[in-house]
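Next come the chains, spelled out residue by residue.
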Amino acid sequence: DLLKHTPADHPDYPLLQDALRISQNFLSSINEDIDPRRTAVTTPKGETRQLVKDGFLVELSEGSRKLRHVFLFTDVLLCAKLKKTAVGKHQQYDCKWYVPLADLVFPSPEESEHCPQVHVIPDHELEDMKMKISAIKSEVQKEKANKGQSRAIERLKKKMFENEFWLLLNSPAIPFRIHNRNGKSYLFLLSSDYERSEWREAIQRLQKKDLQAFVLSSVELQVLTGSCFKLRTVHNIPVTSNKDDDESPGLYGFLHVIVHSAKGFKQSANLYCTLEVDSFGYFVSKAKTRVFRDTTEPQWNEEFEIELEGSQSLRILCYEKCYDKTKLNKDNNEIVDKIMGKGQIQLDPQAVQTKNWHMDVIEMNGIKVEFSMKFTSRDMSLKRTPSKKQTGVFGVKISVVTKRERSKVPYIVRQCIEEVEKRGIEEVGIYRISGVATDIQALKAVFDANNKDILVMLSDMDINAIAGTLKLYFRELPEPLLTDRLYPAFMEGIALSDPAAKENCMMHLLRSLPDPNLITFLFLLEHLKRVAEKEPINKMSLHNLATVFGPTLLRPSEGESKAHLTLASDIWSHDVMAQVQVLLYYLQHPPISFSELKRNTLYFSTDV
């Protein structure tokens, strides 16, 4: 209306035209169902520029990892960091670089030959840090429960934030490369391929429009960077210490997922799925089905047990396997397989925590993936339940089994170890990567029935399932291999600081074990040392193996742990660290022989 009543030669006329165009653009974009909170920034030329997506990503810059806040606008990708400002001052972003979408390309793996090598932090360091975080979490809980001083709680929270920040920075390893046609390349590292594909797809969608290349003047850049603060949709670094107390803490425990099948593929392909969950605030890939070859209706029917650490969502990605030799063997973490579809569901604590399987379908890109899941909280999954029948081997006391078999080491332990040494010792992640649960259950049944087909079945079975069966055997012993009786003494022994006293104590504790337990433990110890010798190939260090086996061999059985079980996750972190340390102590110790130990018994008193 103002325009209608303003003469065309009036100085306000062009300004009003601009105002009208900006308003119309902005409102039409809202109508196009763009999230209404996202407002527009106007470039000096009068076009609108909207924020489409933003989030925190780790950039590898001059060889070191930096946390950046990345903003994707309709025509430009901007990488910024939050400036340190004085208290009370308005927070500001500092632009590190930007790439107009018209100039942005994704280099293929073969073009990125000269890209910097990604320095990957060893798994055990990340695991250690997770344990530290869990330990601090439980301290915070204790302080709160005891109405502790707020200063102490603040100090712990600060420490926790620092540790979580370190984890966030150091765990991502999947490369996401951005190249500017005019020369410069940038490298982000992500921990989730799902997120990498979301960024890539959002950029590619915008690139379908007719985009112009441009250079921003310093004023324009300042205006754009200034707008980031009020436009951003992700306000906090994704770490759990940033969550409010009343926010859902997520689920802790084990999620069992069966990936059944998928349909809706246009042509047949080699297909597999991966599962991601958020733990410690960011998403990581936790499981992968086998590749179902040359099909439009893959039937995987594989079951996985996924450990949840404060998780709220499950994501499923479906890939087509790439067998093209030219694309393979580049960067270790380069995923060259093509994502056919991806989807996610919220893990609702109420819905998930039932005893029964809950069937669901995720739809993505016209593909439907069928899966089932059930959740066991951590305190439930830690129970050692003795077997009702005493004929099998699972859940039966080790002394009963060795006596029945007239053996020193249970047959199941000898067979699984022999098979792993035969063909699994160079398998990447042996003992860490979980086998298919249905295979493990099949092996369990065969060992329990003492079936004569055991050897045939073992030689055909996937090696991760055999490794999983061995772990399950120790986990299901009615009493841990290192016994309930000696558990408190192991905990005290490992805490001793004087090396000689520690050595004396730790050796004396081994002597105090019943013979079948001791001989089996030493047998397993030697095997794990042989596995760790192949660490350059299988990536399993002594520390990794101790992390996997420590709790399995030491965690007290139900009656024992009840006495000092407070919050499942509290006791968990501190005790697990000590259990890992006990096993690590023996793994790093020079070879220990049964006869040597027994010979020295004479010099020691018998009470522990």
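Residues numbered from 1 in each chain as written. Predicted model: local features only at pLDDT ≥ 70, side-chain atom pairs only at ≥ 80, totals over all residues. Heavy atoms only, no water.

Looking up the protein chain in an unreviewed UniProt entry gives the name Active breakpoint cluster region-related protein, with the organism given as Prunella fulvescens.

Let's shift gears to the overall build of the protein chain. Along the protein chain, the regular secondary structure elements total 20 helices and 17 strands. Within the span of the protein chain, comprising 608 residues, buried residues form 49% of the whole. Long-range contacts, defined here as pairs at least 24 residues apart, represent 71% of the contacts in the protein chain between residues at least 6 apart. Carbon and sulfur atoms provide 52% of the accessible area of the protein chain, an area that totals close to 31,000 Å². (Helix = DSSP H or I, 4+ residues; strand = E, 2+ residues; numbered from the N terminus. Buried < 20%, exposed > 50% of the residue type's maximum accessible area, 1.4 Å probe, protein only. Contact = heavy atoms within 4.5 Å. Areas by Shrake-Rupley, 256 points an atom, 1.4 Å probe, with all protein chains shown as cover.)

Okay, unusual backbone geometry next. The phi torsion at Asn 450 lies on the positive side, around 55°, for a residue other than glycine. Locating Asn 450 in the fold gives a position in the loop between α10 (437-449) and α11 (454-460).

An ideal rise of 1.5 Å per residue puts 33 Å on 23 residues; helix α2 (residues 123-145) measures up with 33 Å between its terminal C-alpha atoms. Of all the positions in α2, only Leu 126, Met 129, Lys 130, Met 131, Ile 133, Ser 134, Ala 135, Ile 136, Ser 138 and Val 140 are classed as buried. Following α2 by one or two positions, Lys 147 has its phi on the positive side, about 50°. (Expected span 1.5 Å × (residues − 1).)

This brings us to the confidence of the model for the protein chain. Looking at the protein chain as a whole, its pLDDT mean stands at 85, while 86% of the residues score no less than 70. Element-level pLDDT for the protein chain is lowest in helix α18 (residues 558-563), with a mean of 53, against a maximum mean of 97 in helix α15 (residues 515-533). Low pLDDT, under 50, characterises residues 33-38; the stretch is placed with seven contacts to residues that sit more than four places away or in other chains. Per-residue pLDDT stays below 50 along residues 561-568; that stretch engages in six contacts with residues further than four places along the chain or on separate chains. (pLDDT = per-residue confidence, 0-100.)

Here the focus is α10. The end-to-end C-alpha separation of α10 is 18 Å, in line with the 18 Å expected for 13 residues at 1.5 Å each. Residues of α10 that are buried: Ala 437, Ile 440, Leu 443, Lys 444, Val 446, Phe 447 and Asp 448. Phi turns positive one or two residues past the end of α10, at Asn 450, with a value near 55°.

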